[in-house]
Amino acid sequence: MERIVAKLLIYGDMAEDSILMQLASVSKDIHSGEYNKEELISRVYKQVKRLLELGTLCAFNKNLWHNYLSYLLIMDENPFSLTCEKVGSKDGSVNHFATNDFHAFMELFEFDFSEIEEILGIDCFTCITNYKAIDKPELMYNRNVSEKVRCLSEELEKCKSDNEFFDVVTKFYKNIGVGAFGLNKAFRIRETNEGIVEFNPINNMDSVVLDDLVGYEIQKKKLIANTKAFVEGKKANNVLLFGDSGTGRSTCIKAIVNEYYGDGLRMIEIYKYQFKLLSQLISQIKNRNYKFIIYMDDLSFEEDESDYKFLKAVIEGGVETKPDNILIYATSNRRHLIKETWKDRRDVEQDGDIHRSDTMEEKLSLANRFGINIGYYKPSRQEYYDIISALADKNGITMDKEELFKEADRWELNHGGVSGRCAQQFINHLLGAID
């Protein structure tokens with residue numbers, strides 16, 4: 001194995017503590033003839049455990065070794081894979097080196113572990129190459145990743161030549177993508193000790209889709225139209241969804257991401273204290289072949305907070321224009337985002353219909369930089385009943401409608417008033433009582 005790994009050029013810059021490099025090191029020590037058997041067995045078992053942990057996390061199946069190698073190919077962000085992501089495979093000298101690397105991966109796919117098992121007296125590799133996962137969708141932590149890795153693994157197993165292997169991998173890069181952005185829908189960020197922005201996938205994102213959302217049809221149409229234009233490469237606006245709590249603003253954005261994920265849409269959730277990282281975040285994603293929504297939930301600022309100025313500069317007004325593959329979607333209970341007080345009006349000068357106030361303009365200018373403002377307000381009583389009725393029908397609740405609405409009224413009196421969230425909580429309560 002160490003000889004095969006040594007042939008890798010484009011994909012050769014792997015961490016020394018990676019599973020592949022550690023197993024190659026074990027193979028090298030075996031062939032040197034100078035080793036401690038128990039120590040090597042311990043090292044092998046450690047890497048097999050890591051394979052099992054990755055396999056459990058991503059719900060790999062059948063051949064964990066093949067799944068792992070496919071996962072390596074997907075996650076390796078190198079100049080070749082990133083170029084393929086943007087434009088597909090093109091004729092060029094780099095293809096020669098990539099094909100040589102893919103030949104090495106084919107050898108790794110076909111690697112015979114029997115020699116290592118025989119020398120060390122173990123059978124763990126036989127087990128992981130004939131692995132049976134618990135294949136239940138409800139138990140999969142990240143089904144989206146699992147399906148893509150498994151599919152690529154099965155395709156690569158069938159390849160008979162280096163060129164066929166090359167075509168399958170580069171087609172995956174172009175159609176799906178490379179690295180975490182290719183496999184996942186949504187991310188949070190964190191700042192490392194070195195001051196670098198790191199993207200962490202959200203593996204358990206709500207699977208809600210647009211058809212699940214009852215009511216607010218006008219609001220949904222506006223959001224869908226803007227997002228559709230965005231993923232199609234047309235001009236689109238940043239969006240502020242404001243209004244009453246529990247009206248489905250955040251759920252709408254999650255549904256939009258689920259709806260357009262296949263078209264290359266990704267979401268990055270960012271918190272207020274991270275706004276200082278916005279410029280660095282954008283610089284890392286502006287050249288990727290995806291459309292990114294930077295999502296800010298429950299956005300608002302108190303009068304003594306100044307973090308909003310980072311956001312203002314990014315949305316519009318900075319020296320560098322915002323890239324075409326990035327939009328900002330924010331939700332807020334406040335229409336104007338920044339708390340305004342009566343003292344802000346003290347410097348107003350009135351002359352006919354003209355009003356000027358530096359303080360007020362400063363505070364209102366942030367909300368004005370969102371091209372689309374969509375209001376979400378508490379539903380009327382009848383709209384509340386419509387939502388209850390639709391959710392009950394969808395979940396198979398056959399209670400008499402008059403009794404259903406009467407119980408819904410009792411529920412909302414103690415749970416924050418009429419809203420889409422209250423309606424969903426009421427239906428959950430009924431489902432729990434039925435179960």
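Residues numbered from 1 in each chain as written. Predicted model: local features only at pLDDT ≥ 70, side-chain atom pairs only at ≥ 80, totals over all residues. Heavy atoms only, no water.

### Focus on the overall build of the chain
Here is step 1 of the chain: Summing up its helical and strand segments, the chain has 19 helices and nine strands in all.
Here is step 2 of the chain: Considering only contacts in the chain between residues 6 or more positions apart, those separated by 24 or more positions represent 77%.
Here is step 3 of the chain: When the accessible surface of the chain is split by element, carbon and sulfur atoms take 48% of a total near 22,600 Å². (Helix = DSSP H or I, 4+ residues; strand = E, 2+ residues; numbered from the N terminus. Contact = heavy atoms within 4.5 Å. Areas by Shrake-Rupley, 256 points an atom, 1.4 Å probe, with all protein chains shown as cover.)

### Considerations on the nonpolar core
Here is step 1 of the chain: Core analysis: the largest hydrophobic core is formed by 60 residues, its most contacted members being M1, F125 and F165.
Here is step 2 of the chain: At eight residues, helix α4 (residues 64–75) tops the list of elements feeding residues into this core.
Here is step 3 of the chain: Once residues lying within four places of it in the same chain are set aside, the contact partners of F125 are L23, V44, V48, F113, I116 and E117. (Core = buried A, V, L, I, M, F, W, Y, C linked by side-chain atoms within 4.5 Å. Buried < 20%, exposed > 50% of the residue type's maximum accessible area, 1.4 Å probe, protein only.)

### Examining the environment of I315
Here is step 1 of the chain: Along the chain, the position of I315 falls in helix α15 (residues 308–315).
Here is step 2 of the chain: Residue I315 is classed as buried on the basis of its relative accessible area of 7%.
Here is step 3 of the chain: Taking the C-alpha atoms as reference points, I315 and R369, 54 residues apart in sequence, are found 6.8 Å from one another.

### Details of helix α14 (residues 278–285)
Here is step 1 of the chain: Of all the positions in α14, only L278, L281, I282 and I285 are classed as buried. Mapping the buried residues of α14 onto a view down its axis gives an arc of 95 degrees, with all of them on the same face. (Arc of directions from axis to C-beta.)

### A short note on unusual backbone geometry
Here is step 1 of the chain: A positive phi is found at A59, a non-glycine position, where the angle reads about 55 degrees.
Here is step 2 of the chain: Relative to the assigned elements, A59 resides in the loop between α3 (37–58) and α4.
Here is step 3 of the chain: In the Ramachandran plot, K62 falls in the positive-phi region, its phi being about 70 degrees despite a non-glycine side chain.
Here is step 4 of the chain: Considering the arrangement of structural elements, one finds K62 in the loop between α3 and α4.
Here is step 5 of the chain: Relative accessible area serves as the criterion here: at 52%, K62 is assigned to the exposed category.

### Structural notes on the pattern of salt bridges
Here is step 1 of the chain: This model, assessed by the stated rule, comprises 15 salt bridges.
Here is step 2 of the chain: Here R188 ties to E269 by a salt bridge, and the two come within 3.4 Å at their closest N and O atoms. Of this pair, R188 sits in strand β1 (residues 186–191) while E269 sits in strand β4 (residues 265–269), placing them 81 residues apart in sequence.
Here is step 3 of the chain: The class for R188 is partly exposed, based on a relative accessible area of 36%. (Salt bridge = Lys/Arg side-chain N within 4 Å of Asp/Glu carboxyl O.)

### What to know about the sheet that holds strand β3 (residues 239–243)
Here is step 1 of the chain: If you walk across this open sheet you meet the seven strands as β2-β1-β4-β5-β6-β3-β9, and the pairing is mixed. The sheet is open, and its two edges are formed by β2 (197–201) and β9 (372–376), each paired on a single side. Strand-to-strand twist of the sheet, defined as the mean angle between neighbouring strand axes without regard to direction, takes the value 25 degrees.
Here is step 2 of the chain: Note: β3 against strand β6 (residues 326–332), four bridges, orientation parallel. Following the sheet pairing, L240 is matched in β6 by A330.
Here is step 3 of the chain: Lying on the sheet, helix α12 (residues 217–231) is in contact with β3, β4, β5 (291–296), β6 and β9; it crosses β9 at an angle near 150 degrees. (Pairing = 2+ DSSP bridges. Axes fitted to C-alpha atoms, helices over the stretch in contact; angles between N-to-C directions.)

### A short note on the packing of helix α9 (residues 143–157) against helix α10 (residues 162–175)
Here is step 1 of the chain: It is the contact of α9 with α10, at a shortest axis distance of 10 Å, that shows an interaxial angle of 160 degrees. Viewed along their axes, α9 and α10 adopt a mutual orientation that is roughly antiparallel. Judged by the twist between their axes, the crossing of α9 over α10 is right-handed. Each of K148, L152, E155 and L156 in α9 lies in contact with α10, whose residues at this interface are F165, V168, V169 and F172.
Here is step 2 of the chain: When grouped by side-chain class, the residues that make up the contact of α9 with α10 number six nonpolar, no polar and two charged. (Parallel < 35°, antiparallel > 145°, perpendicular 65-115°, else oblique. Left-handed = near helix turned anticlockwise from the far one by under 90°. Nonpolar A, V, L, I, M, F, W, Y, C, P; charged D, E, K, R; others polar.)

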